[in-house]
Amino acid sequence: MSRSLVALSLAVLALCACTQNRKLWISEVGAQRLELYLDEPNGNALALGGQTLDWVAVDPMGVNAPQSGSIDLSGSIPGGGFVVLFEDPSGPAVGSTPATVNDFLNRPVPGLAVAPSALGPTDPALGYAFRVHGHEFRYVFPFFYTYDDTDDTVRFGPPGRPNIGGTFTEDGSLQPVNRTPTVRQTKGRTIRRKTTSPNGVDIPVDRDREADWQTDDESWGTAK
Ligand SMILES: [Ca+2]
Ligand SMILES: [Ca+2]
């Protein structure tokens, strides 16, 4: 190998060794649904393949065994956009399939269909942890590459919540949490991130803490 080729190879290697922390947040957790938000400029997008949604539910009384699940994500999410995981009787047995799902006003919003019960039980007596995370290779033309790293956690419910990793500071405000689905003319109840609106547009906040969250009516596909 010529010295110039070695030098070029070393230069390329130096350019390649990088990761990008992508700002993918869990933005709402309801009954049989969970919303993701990409807190990045509109021109950005994040491929969700290689990113994973994990959850654990525990009985603080220790009577019932812990439950857990893990869902491989798919499709992509645009900067400033939302994607709603939703349990679908005709959804895939494992993983997720890009689809649309209707909000309370029957407007279609971008979604990922998952299997029934894939997002776990909705029992206010249980302690919960949800985490989205991943480390996914991405090729960048012409000879660069990077890794898209994501990591976001929320925990709620009575004390004795499961530790699912990630960074999250508790203050106990998210308990008890009653999550309910839409029933006819009644909106479902959910937890969602609080928002800021620096330019008149509501943006979910993330400071890795329970105080970022509140209980509210469902708002699938929107900030609130
Ligand atoms: Ca976070
Ligand atoms: Ca929402």
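Provided above is the structure to which this section pertains.
These remarks concern the structure in this document. These numbers were taken from a predicted model, which means no experiment stands behind them.

Calculation rules
Along each chain, residues carry numbers from 1 onward, in the same order as the chain's sequence is written. Going through the entries in the order they are written, you letter the chains from A and number the ligands from 1. The predicted origin of the model limits local features to residues at a pLDDT of at least 70 and limits the giving and counting of side-chain atom pairs to 80 or more, whereas totals for whole chains, interfaces and linings rest on all residues. Helix and strand assignments follow DSSP, with helices taken as H or I runs no shorter than four residues and strands as E runs no shorter than two, numbered in order from the N terminus. Labels follow a simple rule on C-beta atoms placed from the backbone: if 20 or more others lie within 10 Å of a residue's own, it is buried; if 12 or fewer, it is exposed; otherwise it is partly exposed. Remark: residues whose backbone-derived C-beta atoms lie within 7 Å of one another are considered to be in contact. DSSP bridges decide pairing: two strands pair if at least two such bridges lie between them. Axes, fitted as lines to C-alpha atoms, cover a helix only where it is in contact. Angles between the N-to-C directions of the axes lie from 0 to 180 degrees. The nonpolar core is taken to be a set of buried Ala, Val, Leu, Ile, Met, Phe, Trp, Tyr and Cys residues joined by way of C-beta atoms within 7 Å.

1. A few points about the overall build of the chain
Logical step 1: Of the regular secondary structure elements, the chain holds 1 helix and 16 strands.
Logical step 2: When the backbone C-alpha atoms are referred to their principal axes, the chain occupies close to 70 × 40 × 40 Å.
Logical step 3: Buried positions account for 31% of the 224 residues belonging to the chain.
Logical step 4: Counted over contacts in the chain with a minimum sequence separation of 6, partners at least 24 positions apart contribute 64%.

2. Considerations on the sheet that holds strand 16 (residues 213–217)
Logical step 1: With mixed pairing, 7 strands are arranged side by side in an open sheet as 9-10-8-3-2-13-16. Pairing within the sheet leaves two strands with one partner each, and these edge strands are strand 9 (97–102) and strand 16. Adjacent strand axes in the sheet meet at a mean angle of 35° when their direction is disregarded.
Logical step 2: The sheet contact formed by strand 13 (residues 189–193) and strand 16 spans 5 bridges and is antiparallel. In the strand pairing of strand 16, R189 is matched with D217.

3. Looking at the nonpolar core
Where a protein is soluble and globular, its nonpolar side chains tend to be buried together.
Logical step 1: Counting residues in hydrophobic clusters, the biggest one holds 42 residues, and the most contacted among them are I26, L36, L53, W55, L85, V114 and F130.
Logical step 2: At the level of elements, strand 2 (24–29), strand 3 (33–38), strand 5 (51–58), strand 8 (82–87), strand 10 (108–114), strand 11 (127–140) and strand 12 (144–156) are the ones that each hand at least two residues to this core.
Logical step 3: Contacts of W55, omitting those with residues within four sequence positions, involve S68, G69, L119, G120, Y128, A129 and F130.

4. Quick notes on the pairing of strand 12
Logical step 1: Both strand 1 (residues 19–21) and strand 12 contribute to a ladder of 3 bridges, which runs parallel. Directly across from Q20, in strand 12, lies its bridge partner D148.
Logical step 2: Direction of pairing for strand 11 relative to strand 12: antiparallel, over a ladder of 13 bridges. The residue bridging H135 from the neighbouring strand is D149, located in strand 12.
Logical step 3: Remark: 3 residues form the turn of the hairpin made by strand 11 and strand 12, two consecutive strands paired antiparallel.

5. Points about unusual backbone geometry
Logical step 1: Here the bond from F141 into P142 is cis, since omega is 5°, no more than 30 degrees from zero.
Logical step 2: Omega for the peptide link from Q175 to P176 comes to -5°, which places this bond in the cis form.
Logical step 3: Of note, P176 is situated in the loop between strand 12 and strand 13.
Logical step 4: With a phi angle near 50°, R184 is a residue other than glycine that sits in the positive phi range.
Logical step 5: Even without being glycine, D208 reaches a positive phi, approximately 60°.

6. Remarks on the sheet that holds strand 5
Logical step 1: Read across the open sheet, the 5 strands follow the order 1-12-11-5-6; overall the sheet is mixed. With partners counted over all chains shown, the strands left at the sheet margins are strand 1 and strand 6 (67–72), one partner each. If you compare each strand with its neighbour and ignore which way they point, the axes differ by 15° on average.
Logical step 2: As paired strands, strand 5 and strand 11 are joined by 8 bridges and run antiparallel to one another. Across the sheet, residue A57 finds its bridge partner in strand 11, namely Y128.

7. Some details on the environment of N42
Logical step 1: Within the secondary structure, N42 sits in the loop between strand 3 and strand 4 (45–47).
Logical step 2: Separated by 60 residues in the primary sequence, N42 and N102 have C-alpha atoms spaced 23 Å apart.
Logical step 3: Residues contacting N42, with those up to four places away along its chain left out, are P78, G79 and G80.

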